[in-house]
Every structure is written in C-alpha cells, then in structure tokens.
Amino acid sequence: QVQLVESGGGLVQAGGSLRLSCAASGRTFIGYAVGWFRQAPGKERDFVAAINWSGRNTYYADSVKGRFTISRDNVKNTVLLQMNSLKPEDTAVYYCAARVGPLTNYDARDEYGVWGQGTQVTVSS
C-alpha cells in the first residue's frame, strides 16, 4: 500500500507561512483521499484539512479556515498544506493520512488507514 512522508515543517514567527508536503511512495496516490491532522503536546490528534481523491472537494477545521489551503498534484504524488498567518496555537506535529476511496467522516482519525511519521511545526510569538 501507499507510504506517506511529510516534510516542510520548521520554526516560524507568528504571522509567517510554511508549506507542508505529503509525498506518497509505494504506489500512486490516485484514488486516495488525504487528510492533515495535528497533535500538540498533551492533546489529542485533531483534524486540520482534507481533500478528496480528485482534489475537487476540500474540508477544513474552523480554526484554520481562511489561513490554510490543501491541494494535491496526482502526477507528482503529493498533497500540500499551505499555512499562512500562522499563530502560536498552530504549534504541533502535523501528520498526513490517506484512505482509499471516498471520504465520509473526513475529520475522523479512524477514517484513514495510512499515516506518515509527522513533521514538527513551531510558531513563536
């Protein structure tokens, strides 16, 4: 099955931007819906954004709407998360996750069967 590798995390000041990448290997990304989740220390892993297999449908957590944009390039086998106007509360380890077929509960962790190892995002105030 597909394997996922996140990259693009780092340290940024509040108000800055980062772009996370989720790269698929092992097989094509085509047919997979992809989600981004994040987990801050001592907290649960929360939904951030998701995109269906074609890229036509996107979904966002209320906390990131208008600031984050999810997109995909099925030729390059990547899903991007552009994060603008970052806030200290966005600090977390960010994970991408994938599932075959259509999304139903796009914000549920159980919806996704494949996970990456995560990339740290730190936003300083």
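Residues numbered from 1 in each chain as written. Predicted model: local features only at pLDDT ≥ 70, side-chain atom pairs only at ≥ 80, totals over all residues. Heavy atoms only, no water.

Asks: Can you walk me through the side chain of asparagine 77 in this structure?
Replies: By the element assignment, asparagine 77 lies in the loop between β7 (68–73) and β8 (78–83). Overall, the relative accessible area of 16% leaves asparagine 77 in the buried class. Setting aside anything within four residues of it in sequence, one finds asparagine 77 in contact with Cys22, Ala23, Ala24, Arg27, Thr28 and Phe29. (Helix = DSSP H or I, 4+ residues; strand = E, 2+ residues; numbered from the N terminus. Buried < 20%, exposed > 50% of the residue type's maximum accessible area, 1.4 Å probe, protein only. Contact = heavy atoms within 4.5 Å.)

Asks: For this particular structure, what's the right way to read the nonpolar core?
Replies: Soluble globular proteins: nonpolar side chains tend toward being buried together. Membership of the largest hydrophobic core comes to 37 residues, with the highest contact counts inside it found for Leu4, Phe29, Trp36, Leu81, Met83 and Tyr94. Secondary structure elements with two or more residues in this core: β3 (18–25), β4 (32–39), β5 (45–51), β7, β8, β9 (92–100) and β11 (119–124). (Core = buried A, V, L, I, M, F, W, Y, C linked by side-chain atoms within 4.5 Å.)

Asks: Just to check I follow, could you spell out the packing of aromatic side chains for this structure?
Replies: Geometry of an aromatic ring pair is reported as the spacing of the ring centres plus the angle between the planes. For the coordinates displayed, the defined rule picks out 7 aromatic pairs. Relative to tyrosine 112, the ring of phenylalanine 37 lies with its centre 5.4 Å away and its plane at 80°, an arrangement referred to as edge-to-face. You can see phenylalanine 37 sitting in strand β4 and its partner tyrosine 112 sitting in the loop between β9 and β10 (114–115), a full 75 residues away along the chain. For phenylalanine 37, a relative accessible area of 0% translates into the label buried. The class of tyrosine 112 is buried, set by a relative accessible area of 5%. Linked through ring pairs, Phe37, Phe47, Tyr59, Tyr106, Tyr112 and Trp115 together constitute an aromatic cluster. Taking the ring centre of tyrosine 95 as reference, the NZ or CZ of arginine 45 above it sits at 3.6 Å. Over the aromatic face of tryptophan 115 sits the side chain of arginine 45, whose NZ or CZ is 5.1 Å from the ring centroid. (Phe/Tyr/Trp six-rings, centres within 6.5 Å; stacked < 30°, edge-to-face > 60°. Lys NZ or Arg CZ within 6 Å of the ring centre and 35° of its normal.)

Asks: I keep staring at the environment of glutamate 44 and nothing clicks. Help me out?
Replies: Counting through the fold element by element, glutamate 44 comes out in the loop between β4 and β5. In this view, glutamate 44 contacts Arg38, Gln39 and Arg109; residues no more than four positions away in its chain are not counted.

Asks: Mind showing me how you'd approach the pattern of salt bridges here?
Replies: Two side chains carrying opposite charge are able to pair once their charged atoms lie near each other. Applying the stated criterion to the full structure yields 4 salt bridges. The salt bridge involving arginine 38 is made with aspartate 90; its shortest N-O contact spans 2.8 Å. Of this pair, arginine 38 sits in strand β4 while aspartate 90 sits in the loop between β8 and β9, placing them 52 residues apart in sequence. Residue classification places arginine 38 among the buried residues on the basis of a relative accessible area of 13%. According to the relative accessible area criterion, aspartate 90 is buried, its value standing at 1%. Aspartate 90 is the salt-bridge partner of arginine 67, the closest N and O atoms lying 2.8 Å from each other. In this pair, arginine 67 is assigned in the loop between β6 (58–60) and β7 and aspartate 90 in the loop between β8 and β9, connecting sequence segments 23 residues apart. Across the pair, aspartate 90 and arginine 67 agree in class, each one buried. Salt bridges here are not isolated pairs; linked through shared partners, they connect Arg38, Arg67 and Asp90. (Salt bridge = Lys/Arg side-chain N within 4 Å of Asp/Glu carboxyl O.)

Structural measurements only, silent on function.
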